[in-house]
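# Report on the structure
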Amino acid sequence: MTPPAPAKPRRVDKFKLFKMLGYEPHGLQAEVHASAASRRVLACGVRWGKTKAAAMEAMSAALLPSEPMNPRRGWICAPSYELADKVFREIALIAREKLPQLIRECKDHERMITLTNLGGGMTELRGKTADNPVSLLGEGLDFLIVDEAARLRPDIWDRYLTARLLDKKGWALLISTPYGKGWFYDAWRAGQRHEDGWASWNAPSWSNPHLDAADIEMVRKRIPEMIFRQEYGAEFIEGAGQVFRNVRDLATGEWREPEERETYSAGLDLARVADYTVLVIMDSQRRVVYLDRFTRLDWALQVSRISAACKRYNDAFVYVDSTGAGEPVFEALLEAGIRADGYAFTNASKGALVNNMSMMLEQRILTLPRPELAPELIDEMEAFEFSVTDAGTVRTGAPSGMHDDTVCAVMLACWGARDVGEFEVQEV
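Now for a description of the structure that goes with this document. Predicted model only: the values in this text are computed from it and were never measured. (Residues numbered from 1 in each chain as written. Predicted model: local features only at pLDDT ≥ 70, side-chain atom pairs only at ≥ 80, totals over all residues. Heavy atoms only, no water.)

## Section: the pattern of salt bridges
To keep it simple, the criterion reads: The salt bridge definition used is simple: a Lys or Arg side-chain nitrogen within 4 Å of an Asp or Glu carboxyl oxygen. Buried residues are those whose accessible area, probed at 1.4 Å on protein chains only, stays under 20% of the maximum for their type, while exposed residues exceed 50% and partly exposed ones sit between those limits.
Applying the stated criterion across every chain, the model contains 30 salt bridges. In this structure, arginine 193 and glutamate 195 form a salt bridge, with 2.7 Å as the shortest nitrogen-oxygen distance. Here arginine 193 falls in the partly exposed class, since its relative accessible area comes to 47%. In this structure, a network of salt bridges that share partners links the residues Lys86, Asp147, Glu148, Arg151 and Glu231.

Rendered as structure tokens:
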């Protein structure tokens, strides 16, 4: 008589698995892993360990047994592929180093890995970007991890992601550094109120016992207090990441034809691979009077178009982004007789542009076109944000998946107008 086959395990002991994988979660990480809530929200500071915790949670879910004919599916979703890659790369690294025998297929370029789970079935994990909502349609999911959830559009969670979890009654782990008080804050509050199926946690960077307190203190001295409180203190602060204020209040202007004897300054941000070339012209009263935005034009046509506009506005003086791809066009503009000066973007030089325009907006001496005339400009200015790298460096720019070409052109035009009248910002 043939003895019965040993029963296949029906569950995974997370903490035994973590020990086998060489992962020892610190206090609050362990609490998140132990929770049985179907919607978990983790708001924590940079370098707290949320990527590692999310990757390990995904691994334990991937190994949960399923029947061969009933594969399990999980997604790692983020506002962009670059951000989704952080957790996905960690998962792929763990699988290759610790569980290579379970890998059926791994396609890094497609952000897809397929594993044999402990029931002999298959689990497929994919990295997904939220900047293309159409790609989020279709599949039912057993589990979902959303990285940098606070920077996700609220409709992505409400309309696309939650629907993927319904059929299989899947769970979701939302991780992020706080960013204002949007939908992620509301989700975190639901967890604090212990609403049905929700749980949430809040943790500053220094609660990670593996970080050096002296390093964090050094960062504190280098960056603005509100940014430190948000990025390291994990505080939900209204508008903390916003760079430019009073944008809509000052968006009351109209396009204006050139006036005789008026002095004009211009800013020119040149297209990279998938960006836009943007020319902005401003008069001596710091009113944006002209904006041209275009893409995928031959360099010669760009020079001709820019040259015609600048000459029309009384030979406007132009500050040109001369970084990288901008250099050949900058030289061509000079050859075309345009009065121009190059402005190479570095962290420090871009900071000077940001500070200059921020002061103009704060002092309300800048007039922007009405939103319906330049919707891209208003949207880009309101989305332009502070961010902090893992090394503690403060950066400014568009959120992932958005452009900041129009903002850069306006900042360069403002730089040309910085010493008009009584207003002046010292150059860095």
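## Looking at the sheet that holds strand S13 (residues 317–321)
What counts here: At least two bridges found by DSSP between two strands are what make those strands a pair. Numbering of helices and strands runs from the N terminus; a helix is a DSSP stretch of H or I covering at least four residues, while a strand is a stretch of E covering at least two. Inter-axis angles, ranging from 0 to 180 degrees, are taken between N-to-C directions of lines fitted to C-alpha atoms, where helices are fitted over the stretch in contact.
One open sheet holds the five strands; their spatial order is S12-S11-S10-S13-S14, and the pairing between them is mixed. For this open sheet the edge positions go to strand S12 (288–294) and strand S14 (340–343), each flanked by a neighbour on one side alone. Neighbouring strand axes in the sheet, compared pairwise and without regard to direction, differ in orientation by 15 degrees on average. Note that strand S10 (residues 265–269) and S13 share four bridges and pair parallel. Its bridge partner lying in S13, leucine 268 is registered against valine 320.

## Description of the side chain of asparagine 208
The line we're drawing: Pairs of N or O atoms within 3.5 Å make up the polar contacts considered here, provided that, within protein, one atom can donate a hydrogen while the other can accept it, and that residues adjacent in sequence are counted only when both atoms are side-chain atoms. Whether two residues are in contact is decided by their heavy atoms, any of which lying within 4.5 Å being enough.
Assignment of secondary structure puts asparagine 208 in the loop between strand S8 (198–203) and helix H7 (213–222). In this structure the side chain of asparagine 208 is engaged in a polar contact, spanning 3.0 Å, whose partner is the backbone oxygen of arginine 47. Residues within four places of asparagine 208 in sequence aside, it is in contact with His26, Arg47, Trp48 and Gly49.

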